[in-house]
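# Notes for the structure review
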Amino acid sequence: MLTVGGLDVLLGDYQVLWSARLEVEEGEIVTLLGPNGAGKSTLLNTISGLVRPRSGEITFRGRSIAAVPAHRIVAEGLSHVLERRRLFPYLTVRQNVWLGAYTPAARAGRRERFAWLAGLFPILGSRADQLAHTLSGGEQQMVAIARGLMARPKLLMIDEPFLGLAPRVIAEIADVIRRINREGVTVVFIEQNVELALSLAHRGYVLESGRTVLDGPADELRRSPEVRRIFLGG
């Protein structure tokens, strides 16, 4: 479904990614692991068109998207939930979520889609008219994921969905990720907690200093001495 190869990315004069690679099959949950500053967010930002690569290739569902504008990438079926939610604080929950349905295909059925999402995240129904900035961090994360799903993506990328959340909320969001994956949405997500990430994902990729250094099935990565070295030292 998604293939990234030989990706070099500069932010200003500083090179962040060096020949980074990533492959995602349809129906998978794939996690992107790595220490802070490894380039994980930059990789997702480049895939979704927010950052332009210096070189390399990005192919989504058989089409090159390395030079495609971000809004057209969303229309192709790829949604990106950014780190730290990025909600509009003085818009309501409903307004924030409906903004995800700005493509013509998604806009036509947004009421039905919102009702379906309220089944995944009950706060969408009970807090629909509440301003986003009054929600807790976990509730805001649910709204952000719902906004990404409002575009009816085939592939949903989520940058640190569990950051700073209570264990109960983490479990709820993990359950939602599994559910939407069972219903046909492929998922790529970034997570710092290696054990949590590998318990949720089918496969994982590890970035270190802007390079893809390791990948494989989640169970293999959990047992890998190299993963322990990268995250625990030694």
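Here is a short report on the structure shown in this document. Throughout this description, residue numbers start from 1 for each chain and increase along the sequence as written. A pLDDT threshold of at least 70 governs which residues receive local features in this predicted model, and a stricter bar of 80 or more applies before side-chain atom pairs are shown or counted, although totals over entire chains, interfaces and linings include all residues. Side-chain metrics rest on all non-hydrogen atoms present in the structure, leaving aside hydrogens and water.

The term salt bridge refers to a side-chain nitrogen of Lys or Arg lying within 4 Å of a carboxyl oxygen of Asp or Glu. Enumeration according to the criterion identifies 12 salt bridges in this entry. The residue Arg222 makes a salt bridge to Glu195 at a minimum N-O spacing of 3.1 Å. With Arg222 in helix α10 (residues 218-222) and Glu195 in helix α9 (residues 194-200), this pair connects stretches of sequence that are 27 residues apart. Between buried and exposed lies partly exposed: a residue is buried under 20% and exposed over 50% of the maximum accessible area for its type, with that area taken using a 1.4 Å probe on protein chains only. On the basis of relative accessible area, Arg222 is assigned to the partly exposed category, the value being 28%. Judged by its relative accessible area of 48%, Glu195 falls in the partly exposed class. Close ionic contact of Asp219 with Arg222 constitutes a salt bridge, the shortest N to O distance being 2.8 Å. Here Asp219 and its partner Arg222 are both found in helix α10, 3 residues apart, which amounts to about one turn of the helix. One salt-bridge network, in which partners are shared between bridges, spans Glu195, Asp219 and Arg222. A run of H or I in DSSP counts as a helix once it spans at least four residues, and a run of E counts as a strand once it spans at least two, with each numbered from the N terminus.

Here the focus is helix α7 (residues 137-150). Take the number of residues in a helix, subtract one, and multiply by 1.5 Å to get its expected span. Under the 1.5 Å per step criterion, the end-to-end length of α7 is 20 Å for 14 residues, consistent within 8% with the ideal 20 Å. Burial runs high along α7: 13 of the 14 residues are buried. Following α7 by one or two positions, Arg152 has its phi on the positive side, about 60 degrees.

Structurally, Ala144 is set in helix α7. With a relative accessible area of 2%, Ala144 lands in the buried category. Each C-alpha atom, one on Ala144 and one on Arg84, is 9.0 Å from the other, the two residues being 60 residues apart in sequence. Setting aside residues up to four positions removed in sequence, Ala144 forms contacts with Val81, Arg85 and Leu87. Contacts between residues were defined by any pair of non-hydrogen atoms, one from each residue, lying within 4.5 Å.

Summarising burial for strand β3 (residues 29-33): 5 of the 5 residues are buried, a large majority. Alternating positions in β3 separate into two faces, Ile29, Thr31 and Leu33 on one and Val30 and Leu32 on the other, with burial throughout. Only strands joined by at least two bridges in the DSSP assignment are considered to pair. Relative to strand β9 (residues 203-208), β3 runs parallel, the two sharing 4 bridges. Note on β9: the bridge partner recorded for Thr31 is Gly204.

Examined against the element boundaries, Thr103 turns out to sit in the loop between α3 (93-98) and α4 (104-107). Contact partners of Thr103, with chain neighbours within four places excluded, come to Val74 and Ala75.

This part is about the packing of aromatic side chains. Two rings from Phe, Tyr or Trp (for Trp, the six-membered ring) form a pair when their centres sit within 6.5 Å of each other. Planes less than 30 degrees apart are called stacked, planes more than 60 degrees apart edge-to-face, and all others tilted. Enumeration over the complete set of coordinates arrives at 1 aromatic pair. Ring centres of Phe162 and Phe189 lie 6.3 Å apart, and the angle between their planes is 80 degrees; this geometry places the pair in the edge-to-face category. One end of the pair, Phe162, is in the loop between β7 (155-159) and α8 (167-182); the other, Phe189, is in strand β8 (residues 186-190), with 27 residues separating them in the sequence. Note on Phe189: relative accessible area 0%, which makes it buried.

To continue, consider the environment of Ser55. Structurally, Ser55 can be placed in strand β4 (residues 55-60). Here Ser55 falls in the partly exposed class, since its relative accessible area comes to 30%. Among all residues touching Ser55, those that are not within four sequence positions of it are Gly6, Leu7 and Asp8.

The strand order across the open sheet built from 4 strands is β2-β1-β4-β5, with neighbouring strands paired in antiparallel fashion. Two strands lie at the open edges of the sheet, namely β2 (14-24) and β5 (63-64), each paired on one side alone. In terms of strand pairing, β4 meets β5 through 2 bridges, oriented antiparallel. Across the sheet, the residue bridging to Thr59 is Ser64, located in β5. Sitting on the sheet, helix α1 (residues 40-47) touches β1 (2-11), β2 and β4, and the angle it makes with β1 is about 110 degrees. Under this scheme, a helix contributes an axis fitted over its contacting stretch, all axes are lines through C-alpha atoms, and angles between N-to-C directions fall in the 0 to 180 degree range.

Next up on the list: the pairing of β8. Burial within β8 is extensive, with 5 of its 5 residues counted as buried. Residues Thr186, Val188 and Ile190 of β8 are buried on one face, and the alternating residues Val187 and Phe189, pointing to the opposite face, are buried as well. Two elements, β3 and β8, share 4 bridges in a ladder whose sense is parallel. Bridged to Thr31 within β8 is Phe189. Judged from the 5 bridges that link them, β7 and β8 form a sheet pairing that is parallel. Residue pairing in the sheet places Leu156 in a bridge with Val187 of β8. The parallel pair β7 and β8 is bridged by α8, and the resulting crossover is right-handed. Handedness of a crossover is defined as follows: orient the strands so they point away from the viewer, and if the path from the first strand over the helix to the second runs clockwise, the crossover is right-handed.

All we've got here are geometric facts, nothing functional implied.
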